[in-house]
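# Coordinate inspection notes
The lines below spell out each chain.
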Amino acid sequence: MVVTADTHVPKRARDLPEPLWQAIGSADVVVHAGDWVEEDLLDRLTERSRWLIGVHGNNDGPALRARLPEVARAEVAGLKLAVVHETGPRTGREERCARTFGDCDLLVFGHSHIPWDSVAPGGLRLLNPGSPTDRRAQPYATFLTARVAAGRLDRVELHRLPPRPARS
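I will try to describe carefully the structure that is included in this document. From a predicted model like this one, the values you see are computed outputs, not experimental measurements.

Quick notes on the rules
Residues numbered from 1 in each chain as written. Predicted model: local features only at pLDDT ≥ 70, side-chain atom pairs only at ≥ 80, totals over all residues. Heavy atoms only, no water. Phe/Tyr/Trp six-rings, centres within 6.5 Å; stacked < 30°, edge-to-face > 60°. Lys NZ or Arg CZ within 6 Å of the ring centre and 35° of its normal. Pairing = 2+ DSSP bridges. Helix = DSSP H or I, 4+ residues; strand = E, 2+ residues; numbered from the N terminus. Buried < 20%, exposed > 50% of the residue type's maximum accessible area, 1.4 Å probe, protein only. Arc of directions from axis to C-beta. Contact = heavy atoms within 4.5 Å.

## Let's talk about the packing of aromatic side chains
Applying the stated criterion across every chain yields a total of one aromatic pair. Between Phe109 and Trp116 the ring centres are 6.4 Å apart and the planes differ by 65 degrees, which places this aromatic pair in the edge-to-face class. Positioned over the ring face of Trp21 is Arg48, at 4.0 Å from the centre of the ring. Above the face of the Trp116 ring, Arg93 is positioned so that its terminal group lies 4.5 Å from the ring centre.

Here it is as structure tokens:
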């Protein structure tokens, strides 16, 4: 499974970084937690993914909102997954998400561009992959990969991307 969010293509980058495209090409499932910005990336990701689970974010306009839900839910190899763009403030996030998504095993979210990995009361795992194109105050642009088997998530790995060349 590949997990990404906050790609902001083409506003923050012309395209996704090649290491992310390579991971997408070999993944059984790709999860995108919103802020695509333009439909072209959704079309290309849909074409290159075996199974794409995505939601719209606060920077996605009417065309993307018409094609993507605010919240997506799926079962991946027995793992109950939810995806949403925003979860609210950092303080109280686990408890708030446990109330809303407590019937799930994993919640993937975006919006902050800050990688996050925590467990809420009741066992809900929360993951934010950061952003592969707009690191903001983070030292690296990032995305996540993980393995899902028999209802369990393991081998969660945060991938740090090399700095992008300057846009010309």
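## What about the pairing of strand β10 (residues 152–161)?
Across eight bridges, the pairing between strand β9 (residues 141–149) and β10 is antiparallel. When the bridges of β10 are listed, Thr142 appears paired with Arg160. Here β9 folds back onto β10, and the loop between the two strands holds two residues, one of which, Ala150, carries a positive phi near 50 degrees.

## What to know about helix α2 (residues 39–48)
All buried positions along α2 are accounted for by Leu41, Leu42 and Leu45. The buried residues of α2 occupy an angular sector of 100 degrees when projected down its axis, which confines them to one face. Buried residues along α2 sit against α1 (18–26), β2 (30–32), β3 (52–54) and α3 (62–67).

## Remarks on the pairing of β9
As a general feature of sheets, a regular strand has side chains that alternate between the two faces. Most of β9 sits out of view: seven of its nine residues are buried. Judged from the two bridges that link them, strand β1 (residues 2–4) and β9 form a sheet pairing that is antiparallel. Each residue of the ladder has a partner; that of Val3, found in β9, is Leu144.

Everything listed here is a matter of geometry and, on its own, says nothing about what the molecule does.
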